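Summary of the model geometry
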Amino acid sequence: MSFTDSPKTLQQAIVHFADPDNCVAYMVERRWPDGVVKCPTCGSDKVTFIAKRRVWQCKTRHAKCQFSVKVGTIMEDSPIPLDKWLMSMWMVANCRNGVSSHEIARSIAVTQKSAWFMLHRIRLAMKARDMGTKLGSNDGGEVEVDEAFVGGKPRNMHQSRRLALGQADHKTAVIGIIDRETREVRAKVVPNVKRETLQKEILKNVKYGSSVYTDQAVAYDTLKHKYIHDTVNHAETYVNGRVHTNSLENFWSLMKRNLAGTYVAVEPFHLDRYIDEQAFRFNNRIGVSDAQRLAKVADQLLGLRLTYAELTGKNATAAGKF
Ligand SMILES: [Zn+2]
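Overview of the structure. (Residues numbered from 1 in each chain as written. Predicted model: local features only at pLDDT ≥ 70, side-chain atom pairs only at ≥ 80, totals over all residues.)

Overview of the sheet that holds strand β1 (residues 47-50)
Judged by pairing direction, the sheet is antiparallel, and its three strands sit side by side in the order β1-β2-β3 without closing on themselves. Two strands close off the open sheet at either side, each with one partner strand: β1 and β3 (66-67). With two bridges joining them, strand β2 (residues 55-58) and β3 adopt antiparallel strand pairing. By the bridge assignment, Trp 56 is partnered in β3 with Phe 67. (Pairing = 2+ DSSP bridges. Helix = DSSP H or I, 4+ residues; strand = E, 2+ residues; numbered from the N terminus.)

Side note on the environment of Ala 260
Within the fold, Ala 260 resides in helix α8 (residues 246-260). Counting along the chain gives 109 residues from Ala 260 to Gly 151, while the straight-line C-alpha distance between them is 9.2 Å.

Observations regarding the pairing of β2
Residues of β2 alternate between two faces, with Trp 56 and Cys 58 buried on one and Val 55 and Gln 57 left unburied on the opposite face. Pairing between β1 and β2: four bridges, direction antiparallel. Residue pairing across strands places Thr 48 opposite Gln 57, the latter belonging to β2. (Buried ≥ 20, exposed ≤ 12 C-beta atoms within 10 Å, placed from the backbone.)

Here's the deal with the packing of helix α3 (residues 82-94) against helix α4 (residues 101-108)
Viewed as axis vectors pointing N to C, α3 and α4 meet at an angle of 135°, and their least axial separation amounts to 11 Å. By the angle between their axes, α3 is oblique relative to α4. As α3 runs across α4, the sense of the crossing is right-handed. Counting all contacts with α3, which are made through Lys 84, Met 87, Ser 88 and Met 91, the residues of α4 involved are Ile 104, Ser 107 and Ile 108. Broken down by class, the residue content of the contact of α3 with α4 amounts to four nonpolar, two polar and one charged. (Axes fitted to C-alpha atoms, helices over the stretch in contact; angles between N-to-C directions. Parallel < 35°, antiparallel > 145°, perpendicular 65-115°, else oblique. Left-handed = near helix turned anticlockwise from the far one by under 90°. Contact = placed C-beta atoms within 7 Å. Nonpolar A, V, L, I, M, F, W, Y, C, P; charged D, E, K, R; others polar.)

Rendered as structure tokens:
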């Protein structure tokens, strides 16, 4: 199956992925773009396809010599069939305002717990893989940096209990960086909005010599050593010529609107994945087709491994950053 045969609408996707052979063909094309299927255990391409069971048999002698397209990916230990995975990916990638695990559970007939697990894996696949690239440019490319605070309202929890949980204000800080030319946004949860924390993220994500626009928070006050730094005073003038953070405000408002409609776990660990999802949606909203968005998510999902322990926060390193 070539890319042009990929389903282009939700209706086509439902029909196309109802056939398990189409699901396998779609995943094979994404996982092995050159068409040569390789054993995930030993890497050999001496494999034969057992069509009846939709698995391959590796000719080398070793354990797990039979494998499906899911083996060695984030879906390996999931009993959920490929068609359900693909339809869930379609929903998450292409629903403008995001979907909840309840919606996925209803739509593809799995339990809410399974849907939650799938949703989090899919979100992880939506995390930008920037491969160390930076935003801005050495000759003054314009970048906006801003921070936002998100989280549930503390109304339903007694003050003393919140303090006991160390959640005095119940809000989580998020830093956002947007390249004004490419429109690429990056965002992540940060432990605080101290100077060291924010500047570390800026140094990691913005090229030296870029024009960096921020508000007047003191956290940004030493940026001038590496960047052309201009600030806007939000209290006085909202826009000071080119010096503003309006592109990022746009991202924050979309993010907050989507978060408001969904149950949000307050732990920063989970919030990071919601933010990854929002950044994916924002970065792929213009000039990208539904089929291309599905392909992007599928490509990344196939290359990832994530265990249940990692997903539920018992091993925070799996969350990854930026
Ligand atoms: Zn092998």
